[in-house]
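An overview of the molecular structure
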Amino acid sequence: MYSKKPGRRFLISESVRGEGAVLLNSKKERFVNELLPRDVVTKAIREEMEKEGTDHVWLSMEKLGKETIMGHFPNIYQHCLEEGYDVTKECIPVVPAQHYFMGGVWVDSDSKTSMEHLYAVGETSCNGVHGANRLASNSLLESLVFAKRAANKISGTENEVKVRELA
Ligand SMILES: Cc1cc2nc3c(=O)[nH]c(=O)nc-3n(C[C@H](O)[C@H](O)[C@H](O)COP(=O)(O)OP(=O)(O)OC[C@H]3O[C@@H](n4cnc5c(N)ncnc54)[C@H](O)[C@@H]3O)c2cc1C
């Protein structure tokens, strides 16, 4: 969420766009398909801001309806209200923000780096499963699946755990 206040800005989850929220420019016109991948939407927003000389665009959640907004996004509703915006009735100012990092230390499918005894797991690693653009919520894959694989590999119990899982 765009704000002039100092400090950490509040994250408006992209899932609101998945539910049907739309992005608007300063003339309140749509300028991008909001369901395109994150990097494509980000680029379109930045280009629109540059074209219009603005420091944010607008996000309209109104058509989701109050029930969906309150049911699915109670924190967003509450936070925006505290910022002075009622998202059931009006648009909010938004800008793209970095909230994950793609890349990092190359690892194999067991999270092992090229260095003996060194494993890397999570956002610090690059396991190659995502390509250039991570899909929503997929950091769980790194944080849980690859953490478990690394732990299994390190403790040498990979076969034992797999057998236990199958049983
Ligand atoms: C606002 C926001 C919303 C997000 N929403 C989602 C989402 O909905 N779904 C999703 O899948 N992902 C989401 N992500 C991404 C996800 O949170 C991260 O990809 C994930 O937490 C990375 O986990 P990690 O364990 O690799 O790293 P981190 O969670 O960053 O943990 C790294 C830890 O290392 C510690 N550390 C750093 N340097 C040192 C040091 N020198 N010595 C000791 N400790 C150190 C840090 O303090 C931290 O505790 C979001 C991220 C942000 C910022």
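Going by the structure above, here's the rest.
Note that this is a predicted model, so its numbers are computed, not measured.

**Details of the overall build of the chain**
Counting its secondary structure elements, the chain contains 6 helices and 5 strands. In sequence order, the secondary structure elements of the chain are arranged as α-β-α-β-α-α-β-β-β-α-α. In terms of overall dimensions, the chain is more spread out than a globule: its C-alpha atoms have a radius of gyration of 20 Å, far above the 15 Å expected for 167 residues. Across its three principal axes, the chain shows a C-alpha extent of roughly 60 × 35 × 30 Å. Looking at the chain as a whole, 35% of its 167 residues are labelled buried. Put simply, of all contacts in the chain between residues at least 6 apart along the chain, 55% involve residues at least 24 apart. Element-wise, carbon and sulfur atoms account for 54% of the exposed surface of the chain, whose accessible area totals about 10700 Å². The chain carries 22 positive and 24 negative side-chain charges, and their two centres are separated by 1 Å.

**Here's the deal with the site of the ligand**
Around the ligand, the neighbouring residues are Leu-11, His-99, Gly-122, Glu-123, Arg-134, Ser-137, Asn-138, Ser-139, Leu-140 and Ser-143. The contact in question runs from an oxygen atom of the ligand to an N or O atom on the side chain of Glu-123, over 2.3 Å. Ser-139 places a polar side-chain atom, nitrogen or oxygen, 2.4 Å from an oxygen atom of the ligand. Surface burial for the ligand is 33%, taken as the share of its 990 Å² of free accessible area covered by protein chains. Across the shell around the ligand, the residue classes break down as 2 nonpolar, 6 polar and 2 charged.

**Considerations on helix 2 (residues 38-52)**
Spanning 15 residues, helix 2 covers 21 Å between terminal C-alpha atoms, matching the ideal 21 Å at 1.5 Å per step. Arg-38, Val-41, Ala-44, Ile-45, Glu-48 and Met-49 are the residues of helix 2 that are buried. Mapping the buried residues of helix 2 onto a view down its axis gives an arc of 135°, with all of them on the same face. Among the exposed residues of helix 2, those oriented more than 90 degrees off its buried face are Lys-43, Glu-50 and Lys-51. The inward-facing, buried residues of helix 2 contact helix 1 (15-19), strand 1 (22-24) and strand 2 (57-60). Following helix 2 by one or two positions, Gly-53 has its phi on the positive side, about 65°.

**Overview of the pairing of strand 2**
Two elements, strand 1 and strand 2, share 3 bridges in a ladder whose sense is antiparallel. For Leu-24, the partnering residue across the bridge sits in strand 2 and is Trp-58.

**Section: the side chain of Arg-38**
By the secondary structure assignment, Arg-38 is in helix 2. A polar contact of 3.5 Å, which involves the side chain of Arg-38, links it to the side chain of Tyr-100.

**Overview of the sheet that holds strand 2**
Two strands in a sheet stick together by hydrogen bonds in their backbones, pointing the same way (parallel) or opposite ways (antiparallel). The strand order across the open sheet formed by 3 strands is 1-2-3, and the pairing between neighbours is antiparallel. Every other strand in the sheet has two partners, leaving strand 1 and strand 3 (92-94) as the edge strands with one partner each. On average, each strand axis in the sheet is tilted by 40° relative to the strand beside it, whichever way the strands run. With 3 bridges joining them, strand 2 and strand 3 adopt antiparallel strand pairing. In the strand pairing of strand 3, Leu-59 is matched with Ile-92.

The rules behind these values
- Residues numbered from 1 in each chain as written.
- Predicted model: local features only at pLDDT ≥ 70, side-chain atom pairs only at ≥ 80, totals over all residues.
- Heavy atoms only, no water.
- Helix = DSSP H or I, 4+ residues; strand = E, 2+ residues; numbered from the N terminus.
- Rg over C-alpha atoms; globule rule 2.2 N^0.38 Å.
- Buried < 20%, exposed > 50% of the residue type's maximum accessible area, 1.4 Å probe, protein only.
- Contact = heavy atoms within 4.5 Å.
- Areas by Shrake-Rupley, 256 points an atom, 1.4 Å probe, with all protein chains shown as cover.
- Lys, Arg positive; Asp, Glu negative; His and termini not counted.
- Charge placed at Lys NZ, Arg CZ, Asp CG, Glu CD.
- Near = heavy atom within 4 Å.
- Polar contact = N/O pair within 3.5 Å; in protein donor to acceptor, adjacent residues only side chain to side chain.
- Nonpolar A, V, L, I, M, F, W, Y, C, P; charged D, E, K, R; others polar.
- Expected span 1.5 Å × (residues − 1).
- Arc of directions from axis to C-beta.
- Pairing = 2+ DSSP bridges.
- Axes fitted to C-alpha atoms, helices over the stretch in contact; angles between N-to-C directions.

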